[in-house]
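So you can see what is in the structure, the chains are spelled out below.
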Amino acid sequence: VFFYNIMFKILGRAGVWDLVDRFWEDMVADKVAATNITFSTLIDACGRAGKRQEALLWFQTMQERGLEPDQVTINTLINLHKRAGDLKAAELFFNGAWRTCATDVAASRPAQGKRSRDLVAYNTMIGMYGRAGDYIGASRMFADMMLAGVSPDFITFNTMIYICGCSGRREEAEALFKRMENKGAVADETTYNIMISIAGKEGDGAGALRYLEKMKAAGMEPDDVTFRTLICVISASGMVKETEQILAHVRELKFSLG
RNA sequence: CGUUUUUCGUAGG
């Protein structure tokens, strides 16, 4: 299985679907049992390529074999619909509707008792509302997860903070940033990168630099994304001197920013 | 060996 799973992932990303099919036939012929990992890999690969119907067919195959999807597979299916921009389908699967009808989403209905929603499932849903520009929907999901007793992690916060930035809610972004600590979520490089970019949207180059300092103070290494974001922000703010300093610093660190 | 978050670029449209 190990070998096949890895092959599916590689071939899927490369878009070599005829080989995917060939390996699948080999796998069946060799009587190697496909697992949840196999199917979630296949579903995800199809999803990345925009082949939603193909992905759902893999899911159907899985169910026909009597294999129950685990949480990762369910999350992969939710993400499949998210990628397709199909909020309704994602919500249905999030609500356990995949049990009633896997491939025909319109014919499926929520299964109240058998929902399984973990941290990643909530994070996926929040990100989906964010991408749809629905701040209200994202906040509601954020509240729901805590009511359900699922603790937000740094990805949850990063996503929420980013969404606040997109909708011009800098105050709330700052508040969430501060709230992370109390919730046991530790800010990472991405968190700081998002805060820097939010400051940039308001032309606040000085604020962006403050977050760079906080980042270093927290013992983190600014990465290539940090510098790309920062240079864009402070040069747009007309901070010529600071921009030159950062650029010089970047060269010392032998970063390649493209 | 599988799922969720940040910047920019390139190609396509």
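In case you missed it, the structure is sitting above this.
Only a predicted model underlies this, so the values are computations on that prediction, with no experimental measurement involved.

Participant: Kindly report on the packing of aromatic side chains, identifying the contributing residues and their values.
Facilitator: In the structure shown here, the tally under the stated rule is 13 aromatic pairs. Both rings, one in Phe3 and one in Phe23, keep their centres 6.0 Å apart while their planes meet at 65°; by these two values the pair is edge-to-face. With Phe3 in helix α1 (residues 2–14) and Phe23 in helix α2 (residues 17–29), this residue pair connects regions lying 20 residues apart in the sequence. Residue Phe3 is classed as partly exposed on the basis of its relative accessible area of 48%. Arranged with centres 5.4 Å apart and planes meeting at 80°, the rings of Phe94 and Tyr122 form a pair that is edge-to-face. Placement of the pair is Phe94 in helix α6 (residues 87–94) and Tyr122 in helix α7 (residues 119–131), with a sequence separation of 28 residues. Assigned by exposure class, Phe94 and Tyr122 land together as buried. Taken together, the aromatic side chains of Phe3, Tyr4, Phe8, Phe23, Trp24, Phe39 and Trp58 make up a single cluster linked through ring pairs. Between Arg140 and the ring centre of Tyr129, over which it is positioned, the NZ or CZ distance is 5.8 Å. The side chain of Arg169 reaches across the aromatic face of Tyr135, ending 3.6 Å from its centre.

Participant: Can you tell me about the pattern of salt bridges, naming the residues and giving the values?
Facilitator: Side chains that differ in sign of charge can pair as their charged atoms come close. Applying the stated criterion across every chain yields a total of ten salt bridges. Residue Glu91 pairs with Lys88 through a salt bridge whose shortest N-O separation is 2.9 Å. Of the two residues, Glu91 and Lys88 both sit in helix α6, three residues apart, roughly one turn of that helix. Here Glu91 falls in the buried class, since its relative accessible area comes to 18%.

Participant: Any chance you could break down the protein's contact with RNA strand B for me, citing the residues and the numbers?
Facilitator: What surrounds RNA strand B is a group of 31 residues, the closest being Asn5, Ser40, Asn75, Asn158 and Arg228. One of the side-chain nitrogen or oxygen atoms of Thr159 is found 3.2 Å away from a sugar or linking oxygen of RNA strand B. The set of elements that each furnish at least two residues to the surface near RNA strand B consists of α1, α3 (36–48), α5 (71–83), α7, α9 (154–166), α11 (189–201) and α13 (224–236). Partitioned by chemical class, the residues of the surface near RNA strand B number nine nonpolar, 15 polar and seven charged.

Participant: Break down a negative patch on the surface for me, with residues and values.
Facilitator: On the surface, Asp18, Asp21, Glu25, Asp26, Asp30 and Glu54 cluster together to form a negatively charged patch. For the negative patch, the leading source of residues is α2, giving four residues. By secondary structure assignment, the location of Asp21 is in helix α2. The class for Asp21 is partly exposed, based on a relative accessible area of 39%.

Participant: Give a description of the nonpolar core that names residues and reports values.
Facilitator: Counting 74 residues, the largest nonpolar core has Phe93, Ile161 and Ile246 as its most contacted members. Once you skip the residues sitting within four places of it in the chain, Ile246 turns out to touch Leu209, Leu212, Phe227, Leu230, Ile231 and Ile234.

Participant: Hey, could you go over unusual backbone geometry for me, with residue numbers and the actual values?
Facilitator: In this structure, Lys31 is a non-glycine residue whose phi angle is positive, near 55°. The residue Lys31 is located in the loop between α2 and α3 in this model. Assessed through its relative accessible area of 76%, Lys31 is described here as exposed.

The rules behind each value
- Residues numbered from 1 in each chain as written.
- Chains lettered and ligands numbered in written order.
- Predicted model: local features only at pLDDT ≥ 70, side-chain atom pairs only at ≥ 80, totals over all residues.
- Heavy atoms only, no water.
- Phe/Tyr/Trp six-rings, centres within 6.5 Å; stacked < 30°, edge-to-face > 60°.
- Helix = DSSP H or I, 4+ residues; strand = E, 2+ residues; numbered from the N terminus.
- Buried < 20%, exposed > 50% of the residue type's maximum accessible area, 1.4 Å probe, protein only.
- Lys NZ or Arg CZ within 6 Å of the ring centre and 35° of its normal.
- Salt bridge = Lys/Arg side-chain N within 4 Å of Asp/Glu carboxyl O.
- Near = heavy atom within 4 Å.
- Polar contact = N/O pair within 3.5 Å; in protein donor to acceptor, adjacent residues only side chain to side chain.
- Nonpolar A, V, L, I, M, F, W, Y, C, P; charged D, E, K, R; others polar.
- Patch = residues over 30% accessible without salt bridge, like charges linked within 9 Å, V, L, I, M, F, W, Y side chains within 5 Å.
- Areas by Shrake-Rupley, 256 points an atom, 1.4 Å probe, with all protein chains shown as cover.
- Lys, Arg positive; Asp, Glu negative; His and termini not counted.
- Charge placed at Lys NZ, Arg CZ, Asp CG, Glu CD.
- Core = buried A, V, L, I, M, F, W, Y, C linked by side-chain atoms within 4.5 Å.
- Contact = heavy atoms within 4.5 Å.

Scope: geometric values only; no functional claims are made or implied.
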